[in-house]
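Here is how the chains run, residue by residue.
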Amino acid sequence: MPETFSLVIFGITSNLAQKYIIQALYDMEEKGALPEKMHIVGNARKPLTEAEFHKYIEESLNQENRHHQHEIKKEVVQKLLKKMFYIDGHLDNPDFYTKLKDFLDKISKSTSGKDDRIYYLAT
């Protein structure tokens, strides 16, 4: 895994993301498997503030989930949230991709100036 990269999750508010992806990212963070300089960028259509997005992530981690049934540690959640960002936009709008590129360029400058990018479609 590269030392620095961005993971973009289209559909971060989907059922798939809530039940599996967010939980898996938590587990990886808890085990120290996520790079320190990683950025996780969630996307959905609904505008959310950073606080609203982070609240959503915490609520997703703490909801009853038969696939993820262990203690959720506040310190691990906080470490994960430091890596997480949100950008709203419709995937069928070509202007969204310019907005996303500019956003990714901006956050990657905070760590290395250039990073690899992985895109996951969870819609």
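Because the structure is predicted, anything quoted here is derived from the model rather than measured.

In this section: the overall build of the protein. Check the secondary structure of the protein and you find four helices and four strands. In the protein, the succession of helices and strands from N to C terminus is β-α-β-α-α-β-α-β. In terms of C-alpha radius of gyration, the protein reaches 14 Å, essentially the compact-globule figure of 14 Å for 123 residues. When the backbone C-alpha atoms are referred to their principal axes, the protein occupies close to 40 × 30 × 25 Å.

Take the packing of aromatic side chains next. Evaluated as defined, the whole model comprises five aromatic pairs. With centroids separated by 6.4 Å and ring planes inclined at 70°, the aromatic side chains of Phe 10 and Phe 96 adopt a geometry described as edge-to-face. With a gap of 86 residues between them, Phe 10 in strand β1 (residues 5-10) and Phe 96 in helix α4 (residues 94-109) connect regions that are remote in the sequence. For Phe 10, a relative accessible area of 9% translates into the label buried. Using a relative accessible area of 3% as the deciding quantity, one classes Phe 96 as buried. Between Phe 10 and Tyr 119, the aromatic rings sit 6.1 Å apart at their centres with planes inclined by 10°, giving stacked as the arrangement.

Looking now at the pairing of β1. β1 sits mainly inside the fold: six of its six residues count as buried. Inspection of the sheet shows β1 paired to strand β4 (residues 116-121) by six bridges, in the parallel sense. When the sheet's bridge partners are listed, Phe 5 is paired in β4 with Asp 116. Pairing between β1 and strand β2 (residues 39-44): five bridges, direction parallel. Across the sheet, the residue bridging to Ile 9 is Gly 42, located in β2. The handedness of the β1 to β2 crossover, carried by helix α1 (residues 15-30), is right-handed.

This part takes up the sheet that holds β4. The strand order β3-β2-β1-β4 describes an open sheet built from four strands, whose pairing is parallel. Strands with a single pairing partner mark the edges of an open sheet, and in this sheet they are β3 (84-88) and β4. Neighbour to neighbour, the strand axes of the sheet diverge by 20° on average, direction disregarded. Seen against the sheet, α1 touches β1, β2 and β4 and runs at an angle of roughly 165° to β1. Against the sheet, helix α2 (residues 50-62) contacts β2 and β3, and its axis sits at roughly 115° relative to β3.

A few words now on α4. Here α4 spans 24 Å end to end across 16 residues, near enough to the 22 Å set by a 1.5 Å rise per residue. Every buried residue of α4 is listed here: Phe 96, Leu 100, Phe 103, Leu 104, Ile 107 and Ser 108. Buried residues along α4 cover an arc of 125° about the axis, so they all sit on one side. Exposed side of α4, more than 90 degrees from the buried face: Pro 94, Asp 95, Lys 106 and Lys 109 are the residues found there. The secondary structure elements touched by the buried residues of α4 are β1, β2, β3 and β4. Measuring from the backbone nitrogen of Asp 95 back to the side-chain oxygen at the start of α4 gives 2.9 Å, which picks out Asn 93 as the cap.

About the thresholds
- Residues numbered from 1 in each chain as written.
- Predicted model: local features only at pLDDT ≥ 70, side-chain atom pairs only at ≥ 80, totals over all residues.
- Heavy atoms only, no water.
- Helix = DSSP H or I, 4+ residues; strand = E, 2+ residues; numbered from the N terminus.
- Rg over C-alpha atoms; globule rule 2.2 N^0.38 Å.
- Phe/Tyr/Trp six-rings, centres within 6.5 Å; stacked < 30°, edge-to-face > 60°.
- Buried < 20%, exposed > 50% of the residue type's maximum accessible area, 1.4 Å probe, protein only.
- Pairing = 2+ DSSP bridges.
- Right-handed = clockwise from strand over helix to strand, strands pointing away.
- Axes fitted to C-alpha atoms, helices over the stretch in contact; angles between N-to-C directions.
- Contact = heavy atoms within 4.5 Å.
- Expected span 1.5 Å × (residues − 1).
- Arc of directions from axis to C-beta.
- Polar contact = N/O pair within 3.5 Å; in protein donor to acceptor, adjacent residues only side chain to side chain.

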